[in-house]
Number of protein chains: 2
Amino acid sequence: MPSPRPMRADARRNREALLTAARAAFLTGDADAHVEEIARRAGVAVGTLYRHFDTREALVAEVYRQEVAELCAAPPDLLAQHAPDEALRRFLLLLVAHSAVGKGMGEALESIMATDSAVFDDARTEMATALDELLAAGVAAGVVREGVNGRVLLRALGGICGMHAKGWQDDAARITEILYDGMRYGAANSARASDG
Amino acid sequence: MPSPRPMRADARRNREALLTAARAAFLTGDADAHVEEIARRAGVAVGTLYRHFDTREALVAEVYRQEVAELCAAPPDLLAQHAPDEALRRFLLLLVAHSAVGKGMGEALESIMATDSAVFDDARTEMATALDELLAAGVAAGVVREGVNGRVLLRALGGICGMHAKGWQDDAARITEILYDGMRYGAANSARASDG
DNA sequence: ACCTAAGCGGAACCCGACTCACCTTATGGA
DNA sequence: TCCATAAGGTGAGTCGGGTTCCGCTTAGGT
């Protein structure tokens, strides 16, 4: 066992408070809230924040890990309920929807997808894996071209999430459709999907 | 005329030296060179740097404006020598090639394309216009689907430029092809291009 | 040659992430 | 119940950047 003693109660409480405070700050627009501010909102000092998270970025990453995990849980359900290509399309749109929950969320997703930042390695791998699952199903069914992997697709989606100009959701949906069509173009059976 | 007197000779020289030093730093990998370092390389003090550029970011933007301008000059030539869809494809690949000249260039292009940073507004507009030109030609020829504009496409390309893991150029080329196919899918005359 | 405004230098400043030496307290065993 | 002790908390201080400011320098016109 790595931890003979579990985390002390106050420590766990503070850690939770920090995550809550950070989430509140990030999701309500203030994506670059200062560590002092986050700590203050959580009712602790900065030292405590740094006891629980190595860097500010690590805190950010942890906040969004849950959101990402939720997103990444979707593929099995989608594949159970839809044809592979439709499942893929829906997942892409789900991604857009997620980046709509707040400026902070969008920027975090962009960092996860469009940068090489080591802090987001876990999240990136998780999302790439989720996409791989969808892509593999599509390829197997002959409705998605081969040679596309999750990591690559993730990159292509990165730019979408940082968008927040007026009407961005339409733009995002449009890009998503382009990518979707691009992946199907030339597949063994590239008819337009019609379920769902 | 906005400036009755032209810029003083030493000032112009220093401005040029700063741009040269910054370009050298950025293109040779050190994309986040410190202002002190850039000023030192240019043989001036930081105060001088700030006389010529409002912020560090403004200097970065100016350095890459020329690269971007070069890129944006390409569409007319491409359209003169190739079918509209092939011209588009080549331009996209040209973009990838440009982001390959250095880590700094790639990151700058990513900032231009994937963020809303006001500093890059000019560059962004210029590139969107260049893409619009290509897209319009493609739509007119019935080889590119309607409803895609330069700004949107720019977004979709953003993530490509930040990539620098081993083998990224293959990934980038692949994404580019996906987008290209996605844009043609469903166009009036969507046969695969064969010129060039 | 001299005047003067444009230009320059660089120490000082600000601001934000991060550290560390010391204090507080939860917790489990006597 | 109470103590010992290590886990946890604190926040002033450090550090590393970008940015500012004001006195000095100098180009360039008369």
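Bear in mind the structure is a predicted one, so any value in this text is a computation, not a measurement.

**Comments concerning the overall build of chain A**
- Counting secondary structure elements, chain A contains 10 helices and zero strands.
- When the helices and strands of chain A are read in sequence order from the N terminus, they spell out α-α-α-α-α-α-α-α-α-α.
- Oriented by its inertia axes, the alpha-carbon framework of chain A measures out at about 60 × 45 × 30 Å.
- Burial statistics for chain A: of 196 residues in total, 48% are counted as buried.
- When contacts within chain A are restricted to residue pairs at least 6 apart in sequence, those whose partners lie at least 24 apart make up 66%.
- Counting every atom, chain A has about 9200 Å² of accessible surface; 51% of that belongs to carbon and sulfur.
- Computing the positive centroid from 22 side-chain charges and the negative centroid from 28, chain A places the two 5 Å apart.

**Thoughts on the domain arrangement of chain A**
Residue and element names in this part refer to chain A.
- On domain assignment, one finds that chain A holds domain 1 (9-53) and domain 2 (63-184).
- Spacing between the C-alpha centres of domain 1 and domain 2 amounts to 28 Å.
- At the interface, seven residues of domain 1 touch 10 residues of domain 2.
- With both chains or domains summed, domain 1 and domain 2 bury close to 680 Å², and 60% of this area falls on carbon and sulfur atoms.
- Contact with domain 2 buries area across many residues of domain 1, yet R23, F26 and L27 alone supply 64% of it, more than any other trio.
- Counting the contacts that link domain 1 with domain 2 gives zero salt bridges.
- Where domain 1 touches domain 2, the interface holds one residue pair in polar contact (both at pLDDT 80 or more).

**Thoughts on the layout of surface pockets**
- Approximately 680 Å³ is the volume attributed to the largest pocket.
- E107, E110, S111 and T115 of chain A together with T115 of chain B are, among the 25 residues lining the largest pocket, the residues nearest its centre.
- Those elements that place two or more of their residues in the lining of the largest pocket are helix 4 (56-72) and helix 7 (103-114) of chain A together with helix 7 (103-114) of chain B.
- Ranked by residue count, the leading element in the lining of the largest pocket is helix 7 of chain A, at seven residues.

About the cut-offs
- Residues numbered from 1 in each chain as written.
- Chains lettered and ligands numbered in written order.
- Predicted model: local features only at pLDDT ≥ 70, side-chain atom pairs only at ≥ 80, totals over all residues.
- Heavy atoms only, no water.
- Helix = DSSP H or I, 4+ residues; strand = E, 2+ residues; numbered from the N terminus.
- Buried < 20%, exposed > 50% of the residue type's maximum accessible area, 1.4 Å probe, protein only.
- Contact = heavy atoms within 4.5 Å.
- Areas by Shrake-Rupley, 256 points an atom, 1.4 Å probe, with all protein chains shown as cover.
- Lys, Arg positive; Asp, Glu negative; His and termini not counted.
- Charge placed at Lys NZ, Arg CZ, Asp CG, Glu CD.
- Domains from an automatic or database assignment.
- Buried area = accessible area lost by both parts, 1.4 Å probe.
- Salt bridge = Lys/Arg side-chain N within 4 Å of Asp/Glu carboxyl O.
- Polar contact = N/O pair within 3.5 Å; in protein donor to acceptor, adjacent residues only side chain to side chain.
- 1 Å grid on protein atoms, 1.4 Å probe; cavity = no way out; pocket = protein on both sides within 12 Å on 5 of 7 lines; lining within 4 Å.
- Points joined across faces, edges and corners; volume = space filled by probe spheres on them.

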